[in-house]
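Below are the chains, spelled out letter by letter.
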Amino acid sequence: MDGLLLERVPGLPGRVRIDVGEQRAVVVPRAADRRRLADVVTGAEGPPAGALALAAGPVRLVPAEGGLLPHLTVLDNIVHGHRAAHPITKQAAREQSLVKAMGCGLEDVLDRYPHEITPGRRRLAGVARALGAYPRVIVLEDANGLPTWGSLLSLRPNPDLASAALLLVTTSAARTTGFVHAE
């Protein structure tokens, strides 16, 4: 396994496997189920009895709104993600963060604060921040009323995303365009 394996997790098909470079969507009935599944995959919550959640390396969550700290600029949020994941200097983290930000098309908003950019750009900044940890799995939490992950990720293909398995967790099948449904 080179990504994520979920077995016997309530609300999911019997087995869900996502390899690095793949994008899969899981549709759950309620927002609480969406968050619980994200917590199980990221390790914030243990899997239910009899269930299994295995990842082949670091897992990062991108919350529906992007998960940015409101008092930091977009660039500082991405740098913070790098430094939290790796013991590197601030300058090295800044240089690597600029590369991740450019890969997500954020070069024009780096000096802005989260409330000053669109919800879609906040989501992409969350992806850039997650990529700084060089994860094997990225969990994309979804919510109605926000741009879909498929539309955001297709606007500017990012080669860094090919180094991770992407799991979209949503409550609406209509929001899974661009992702294969886990069955």
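All values reported here derive from a predicted model rather than from experimental measurement.

Caption draft 1: Quick peek at the pairing of strand S3 (residues 23-27). Inspection of the sheet shows S3 paired to strand S7 (residues 165-170) by 5 bridges, in the parallel sense. Directly across from Ala 25, in S7, lies its bridge partner Leu 168. The sheet contact formed by S3 and strand S8 (residues 180-181) spans 2 bridges and is parallel. Paired with Arg 24 across the two strands is Val 180, which belongs to S8.

Caption draft 2: Local environment of the environment of Asp 2. Tracing the backbone shows Asp 2 in the segment before strand S1 (3-7). In this structure Asp 2 comes out as partly exposed when scored by relative accessible area, which is 36%. In terms of polar contacts, Asp 2 uses its side chain to reach the side chain of Arg 136, at 2.4 Å.

Caption draft 3: Molecular detail of helix H3 (residues 90-103). Given a rise of 1.5 Å per residue, 14 residues ought to cover 20 Å, and the 20 Å separating the end C-alpha atoms of H3 matches this to within 8%. Listed in full, the buried residues belonging to H3 are Ala 93, Ser 97, Lys 100, Ala 101 and Gly 103. The buried residues of H3 occupy an angular sector of 150 degrees when projected down its axis, which confines them to one face. Here the buried face of H3 lies against helix H2 (74-85) and helix H4 (119-131). Backbone geometry just downstream of H3 places Gly 105 in the positive-phi region, at approximately 70 degrees.

Caption draft 4: Representation of the nonpolar core. The biggest cluster of nonpolar side chains holds 30 residues, and the ones touching the most others in it are Leu 106, Val 127, Ile 138, Leu 140, Trp 149 and Phe 179. Sorting the residues of this core by element identifies H2, H3, H4, strand S6 (137-141), helix H5 (149-155) and S7 as the ones contributing at least two each. For Leu 106, the residues in contact, after removing those within four places along its chain, are Ile 78, Ala 101, Arg 121, Leu 124, Ala 125 and Ala 128. Grouped together as the second largest cluster of nonpolar side chains are 19 residues, Leu 4, Leu 12, Val 16 and Val 169 included.

Caption draft 5: Region of the structure containing the sheet that holds strand S4 (residues 52-55). Judged by pairing direction, the sheet is antiparallel, and its 3 strands sit side by side in the order S2-S1-S4 without closing on themselves. Because the sheet does not close on itself, it has two edges, and the strands there are strand S2 (15-19) and S4. Pairwise comparison of adjacent strand axes, ignoring direction, gives a mean angle of 5 degrees for this sheet. Bridge analysis of S1 against S2 gives 5 bridges, and the strand direction is antiparallel. The residue bridging Leu 5 from the neighbouring strand is Arg 17, located in S2.

Caption draft 6: Seen up close, the sheet that holds strand S5 (residues 59-62). Overall, parallel pairing links the 5 strands, which are arranged S5-S6-S7-S3-S8 in an open sheet. Sheet topology places S5 and S8 at the edges, where each strand pairs with a single neighbour. The sheet contacts of helix H1 (residues 31-42) involve S3, S5, S6 and S7, and relative to S6 the element is tilted by about 165 degrees. Each of S5 and S6 touches H4; the most contacted strand, S5, lies at about 165 degrees to it.

Criteria and thresholds
- Residues numbered from 1 in each chain as written.
- Predicted model: local features only at pLDDT ≥ 70, side-chain atom pairs only at ≥ 80, totals over all residues.
- Heavy atoms only, no water.
- Pairing = 2+ DSSP bridges.
- Helix = DSSP H or I, 4+ residues; strand = E, 2+ residues; numbered from the N terminus.
- Buried < 20%, exposed > 50% of the residue type's maximum accessible area, 1.4 Å probe, protein only.
- Polar contact = N/O pair within 3.5 Å; in protein donor to acceptor, adjacent residues only side chain to side chain.
- Expected span 1.5 Å × (residues − 1).
- Arc of directions from axis to C-beta.
- Contact = heavy atoms within 4.5 Å.
- Core = buried A, V, L, I, M, F, W, Y, C linked by side-chain atoms within 4.5 Å.
- Axes fitted to C-alpha atoms, helices over the stretch in contact; angles between N-to-C directions.

Just geometry here; none of it tells us what the structure is for.
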